[in-house]
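Take a look at the letters that make up each chain.
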Amino acid sequence: MLFVQTDAMELPKEHKEYKKGFVTIKGARQNNLNNVSLEIPRDALVVFTGISGSGKSSLAFGTLYAEAQRRYLESVSPYARRLFNQMPIPEVDEIEGLSPAVALQQQRGSGTTRSSVGSVTTLSNLLRMLYSRAGDYPKGQPLLYADSFSTNTPEGACPECHGLGKVYQVTEESMVPDDTLTIREKAIAAWPTAWQGKNLRDILVTLGYDIDIPWKDLPQKDRDWILFTEEQPKVPVYRNLNREEVQIALEQKSEPSYMGTYTGAKKHVLHTFSNTQSKLMKERVKKYMLSKECPACHGKRLRKESLSVKFAGYDIAEISRLPLKKLYSIFLPYSDGSALELNKLSEKHQEKGIVAQRIAEDLIGRVSVLLELGLGYLSLERSTPTLSPGEHQRLRLATQVRSNLFGVVYVLDEPSAGLHPADTKALLKTLDRLKASGNSLFVVEHEIDVIHQADWIVDVGPEAGEGGGEILYSGPPGGLKNIERSKTGIHLFNKNSFEKTQIRKPETWLKLSGVTRNNLEDLEISFPLRTLTSVTGISGSGKSSLVSQVLVDLMNQHLGNKTSSEDELDEASQQNPIETLQGEIIAGAEMIQRMIVVNQKPIGRTPRSNLATYTGLFDVVRKLFASTELAKSRKYTAGRFSFNVGKGRCPNCEGEGFVMVELLFLPSVYAPCPVCEGSRYHKETLEVTYREKNIAQILDMTVDQASSFFEDEDRVKRPLQVLQEVGLGYLRLGQSATELSGGEAQRIKLAKELQRANRGNTLYILDEPTTGLHPTDVEKLQIQLTKLVNAGNTVIVVEHDMQIIAASDWVIDVGPGAGDEGGKVVVAGTPETVAKNKQSKTAPYLHQTLYGQY
């Protein structure tokens, strides 16, 4: 066992207190961990720090939590184990003193649209029980069970809209926007494009319809059948023949090109919308569906019997739409009994009153924790895909606080992500409550304010990837000051490190007027062009609504952009249409030629997507291999060197590099493919080398290694250099997209943009680009943002990180509060101006960064 400390450092006094209870780790080798051994205290707030990719998550989640889960699952029945999402068994020699663990990880856009704040926190269950047992029923209406107040059950869901709150219509006008076109000219816009659309047109020719006269000239009965028929006739199709020739072929019973099945346009739209897994396809067919509020439930999603039951004057749908802060004020008098006056009630009503008081007590207890965590602006009906990872994690954290468990290890992944410094204080109070209940908190974190509160710090590094995986320090915070190799220590103890290098004065402006969305009401706002602007404000203040929604939408309208990439489609906004947008750009849009939104969505959804393929550098590498003498002699094209294509990839694992071994009751084991030994390629493909390296060896290189290897090949060197500049030199070229964090994905997208020839006059929008970044990496990001502005572009970031905000040219602070207490511009100006504003909740933290004091 090793307690890591420097020779010069004397063991702090606090260390003696923890000798009673330690978790001891010996020989951890998970991912890049370099056979590390250390001990960390239980019943304490332990923060794992280090630059991005250093190995801290591998230690906290991949080793400690994975081992705790493995031990727990060994104690449950084999059948029950199959219900868990089991983590791989960690590579570690031994762990002693480990308690059962609960992991609270970042989950971006998790859950379905039917999952909500109410369901995650279980508050909706309480409300349903309350309305069932203590609601005010209309005279003569029988008692309804709790299920009748759920939009997800047949007993509760509105029969008209099936609990969606909207009804969708597909009409002739929606599917045929231009009735002067012929069917051949694609009058039926709702039909699929490319081959399938041609197939349907050819089938209509076989069926005897004239597809060469304007749609409006077709008889109504023909138009109705073509669009709305439920029939699916299967008929012979004759390619490239006109109407008369097809009729002759039919009469002569000629051999058709193939047999085609007809599908009506409406049926195609509804079937695609309901069943496709492709966001792009769903978005495409949605354009031909007219949605309107359900006339039966008026958007409340429940049947009328359920909506007729009231509590405190609200039906359950109305009360679920209120912010949690308002909910708290409604239920407080019921929880203490002051609203009930039980002693004055009849015996029958006393029973209802007791139920109301008990449920209100529990509800108030749960909601108060959510308010402490700064989530008072959320409503119970808010769907989980629209939540940020930080919001989702804090909701689950609140549930744990309420559970009153004792002796548990909570492993948290950057709980401060997406939090304004003012909200971080509330988070720390909640963590203290969990600790005070006798639990251990192991937290992966970059936020300096959270690290300052730690009882114990485990600093991993010194670099990322292969240059990391070493424990630089494990001990109380004060000792980190003496560790020269620690990058965390530099930022933790150097209060006055901020220096402003460049000041730009705004000259031209992008002006928006009448902006109304979510909590923004008739807002007038101006963004300076060719500068770096930070939009700040506490969580829920309206800054993302302003920038990531309104500004993006209005600029898209101005530029005529259409979303063409599945990665850029926002699932949450598709499935939960945002409240009606109002607003317009009144000046400055003509100065912007294009817009780039750099978000944290994954760069790919499968392990086949990776860093090399996404950035485009793999195309160049494959061409280099195809240009070698051996490849030419074998007539190998660049396609041969793709692991996604039949001839070049390993036939056994089909280019995956591994095979899955099912162990039934244990976690499935992924073993390297025995044929290609994990290389993903056919052995003949691997015989081709470029400067003595085969294609699999290239993919196994880190960005740093590949940059040296391709020193003389500018087409490969340039994208690699940019990846290094944004701090991603530690990633392997073939690293699967599914292994990357949101922050890494965002920086890869940024690097892809930076390597393009910069024309200037581009608007870059980034939503919290510092999420998951160590302060050292934030500095690298800052340099890249400055480069973009210096090249004549406009950069607007939604941000909580004071390093970025202080270095901005302009700051727009939204608030002052969250939800209905926010949505206004508190102050806009230079960082120095904002730092002096008394109404701004950002000001004191910005003042401290700029001047080293509050």
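Residue positions are counted from 1 within each chain, in the order its sequence is given. Note on the predicted model: pLDDT of at least 70 is required for a residue's local features to be given, and 80 or more for side-chain atom pairs to be given and counted; whole-chain, interface and lining totals, by contrast, use all residues. Hydrogens are left out, water is left out, and the side-chain values use all remaining heavy atoms of the structure.

- The name an unreviewed UniProt entry gives the chain is UvrABC system protein A, with Mesonia algae as the organism.
- UniProt positions are given in the numbering used here, feature names are shortened, and annotations may be inferred rather than shown by experiment. In its Subcellular location (unreviewed entry) section, the UniProt entry covering the chain states "Cytoplasm".

### What about the domain arrangement of the chain?
Note: interface size is frequently given as the accessible area lost on complex formation between the parts.
Stage number 1. As far as domains go, the chain holds domain 1 (30-108 + 384-492), domain 2 (117-157 + 304-373), domain 3 (168-293), domain 4 (495-602 + 757-853) and domain 5 (605-739).
Stage number 2. An automatic or database domain assignment supplies the residue ranges for each domain. Spacing between the C-alpha centres of domain 3 and domain 5 amounts to 43 Å.

### Here's the deal with the packing of aromatic side chains
The geometry of an aromatic ring pair comes down to the distance between the two centres and the angle between the two planes.
Stage number 1. Stacked, tilted and edge-to-face are the three classes assigned to paired rings of Phe, Tyr and Trp, where Trp is represented by its six-membered ring and a pair needs centres within 6.5 Å; plane angles under 30 degrees give stacked, over 60 edge-to-face, the rest tilted. Inspection of the entire model under this criterion finds 21 aromatic pairs.
Stage number 2. Ring geometry for F311 versus Y334: centroids 4.8 Å apart, planes at 45°, classification tilted. Pair noted here: F311 is in the loop between α12 (304-307) and α13 (316-320) and Y334 is in helix α14 (residues 324-335), with a separation of 23 residues, a long-range link.
Stage number 3. Each residue is assigned to one of three classes by its accessible area relative to the maximum for its type, calculated with a 1.4 Å probe on protein chains only: buried under 20%, partly exposed between the two thresholds, exposed over 50%. Taking relative accessible area as the criterion, F311 reaches 4% and is therefore assigned buried.
Stage number 4. Through a chain of ring-to-ring contacts, the aromatic side chains of F625, Y636, F641, Y690, F709 and F710 assemble into a single cluster. Only DSSP runs of H or I reaching four residues or more are called helices, and only runs of E reaching two or more are called strands; each is numbered from the N terminus.

### Regarding the pairing of strand β11 (residues 440-444)
Working note: regular strand, side chains alternate between the two faces of the sheet.
Stage number 1. In terms of residue burial, β11 counts as a mostly covered element, since five of its five residues are buried.
Stage number 2. Burial along β11 is two-sided: the face carrying S440, F442 and V444 and the face carrying L441 and V443 are both buried.
Stage number 3. Two strands pair under a simple rule: DSSP has to find at least two bridges between them. Bridge analysis of strand β3 (residues 45-49) against β11 gives four bridges, and the strand direction is parallel. Bridging from a neighbouring strand, F48 pairs with V444 of β11.
Stage number 4. Where strand β10 (residues 409-413) meets β11, five bridges bridge the pair, whose relative direction is parallel. Paired with D413 across the two strands is V444, which belongs to β11.
Stage number 5. The parallel pair β10 and β11 is bridged by helix α17 (residues 421-436), and the resulting crossover is right-handed. The definition of a right-handed crossover adopted here requires that, viewed with the strands pointing away, the path from the first strand over the helix to the second runs clockwise.

### Section: the sheet that holds strand β12 (residues 456-461)
Stage number 1. Strand order in this open sheet of six strands is β5-β10-β11-β3-β12-β13, and the pairing throughout is mixed. Here the strands that pair on one side only, and so sit at the sheet edges, are β5 (101-104) and β13 (470-475). Strand-to-strand, the axes of this sheet are offset by a mean angle of 15°, without reference to chain direction.
Stage number 2. Taken together, the five bridges between β12 and β13 define a ladder with antiparallel strand orientation. Paired with V460 across the two strands is I471, which belongs to β13.
Stage number 3. When checking whether two residues touch, look at their non-hydrogen atoms; a contact exists if any pair is within 4.5 Å. To get an axis, a line is fitted to the C-alpha atoms, and for a helix only the part in contact is used. The angle between two axes follows their N-to-C directions and goes from 0 to 180 degrees. The strands touched by helix α2 (residues 56-74) within the sheet are β3, β5, β10, β11, β12 and β13, with β5 carrying the most contacts at an inclination of about 140°.
Stage number 4. Packing against the sheet, α17 makes contact with β3, β10 and β11, and its axis sits at approximately 145° to β11.

### Description of the environment of V688
Stage number 1. Relative to the helices and strands, V688 is located in the loop between α25 (683-686) and α26 (695-699).
Stage number 2. A sequence separation of 82 residues divides V688 from T606, and the C-alpha atoms of the two residues are 27 Å apart.
Stage number 3. The residues touching V688, leaving out its near neighbours within four places in the chain, are F625, T628, L630, A631, Y636, F641, K693, N694 and I695.

### Quick look at the packing of helix α29 (residues 742-754) against helix α30 (residues 775-790)
Stage number 1. Contact geometry for α29 and α30: axes closest at 12 Å, N-to-C directions at 30°. Compared by their axis directions, α29 and α30 come out roughly parallel. At the point where α29 passes α30, the crossing takes the left-handed sense. Between α29 and α30, the contacting residues are R747, L750 and L754 on the first element and D777, L781, Q784 and L788 on the second.
Stage number 2. Gly is put with the polar residues, along with every residue not named as nonpolar or charged; the nonpolar set is Ala, Val, Leu, Ile, Met, Phe, Trp, Tyr, Cys and Pro, and the charged set is Asp, Glu, Lys and Arg. Of the residues belonging to the contact of α29 with α30, the class tally is four nonpolar, one polar and two charged. Working definition: roughly parallel below 35 degrees, roughly antiparallel above 145 degrees, roughly perpendicular at 65 to 115 degrees, and oblique for all remaining angles. Crossings are sorted by hand: turned counterclockwise from the far helix by less than a right angle, the near helix makes the crossing left-handed, and turned clockwise it makes it right-handed.

### Description of helix α20 (residues 543-559)
Stage number 1. One less than the residue count of a helix, multiplied by 1.5 Å, gives the span that helix is expected to have. Helix length check: α20 (17 residues) gives 22 Å between terminal C-alpha atoms against 24 Å at 1.5 Å per residue, within 8%.
Stage number 2. When the local axis directions of α20 are compared, the greatest deviation, roughly 30°, occurs at V550.
Stage number 3. Restricting attention to buried positions, one finds in α20 the residues K543, S545, L546, V547, V550, L551, V552, L554 and M555.
Stage number 4. At the exit of α20 stands G560, carrying a positive phi of roughly 70°. Think of it this way: the bend at a residue is just the angle between two axes, each fitted to seven residues, one set ending at that residue and the other starting at it.

### Examining a negative patch on the surface
Stage number 1. Among the surface-exposed residues, E173, D178, D179 and E185 lie close enough to one another that they form a single negatively charged patch.
Stage number 2. Here D178 is to be found in the loop between α6 (172-175) and α7 (194-206).
Stage number 3. By relative accessible area, D178 is classed as partly exposed at 32%. Patches here: salt-bridge-free residues with over 30% relative accessible area, like charges joined within 9 Å, nonpolar side chains (Val, Leu, Ile, Met, Phe, Trp, Tyr) joined within 5 Å. Each accessible area is a Shrake-Rupley result for a 1.4 Å probe, and residues are judged covered by the shown protein chains and nothing else. In the sections that follow, a salt bridge refers to a side-chain nitrogen of Lys or Arg positioned within 4 Å of a carboxyl oxygen of Asp or Glu. For the purpose of charge, His is not counted, nor are the chain termini; Lys and Arg are scored as positive and Asp and Glu as negative. A charged residue contributes its charge at one atom only: NZ of Lys, CZ of Arg, CG of Asp or CD of Glu.

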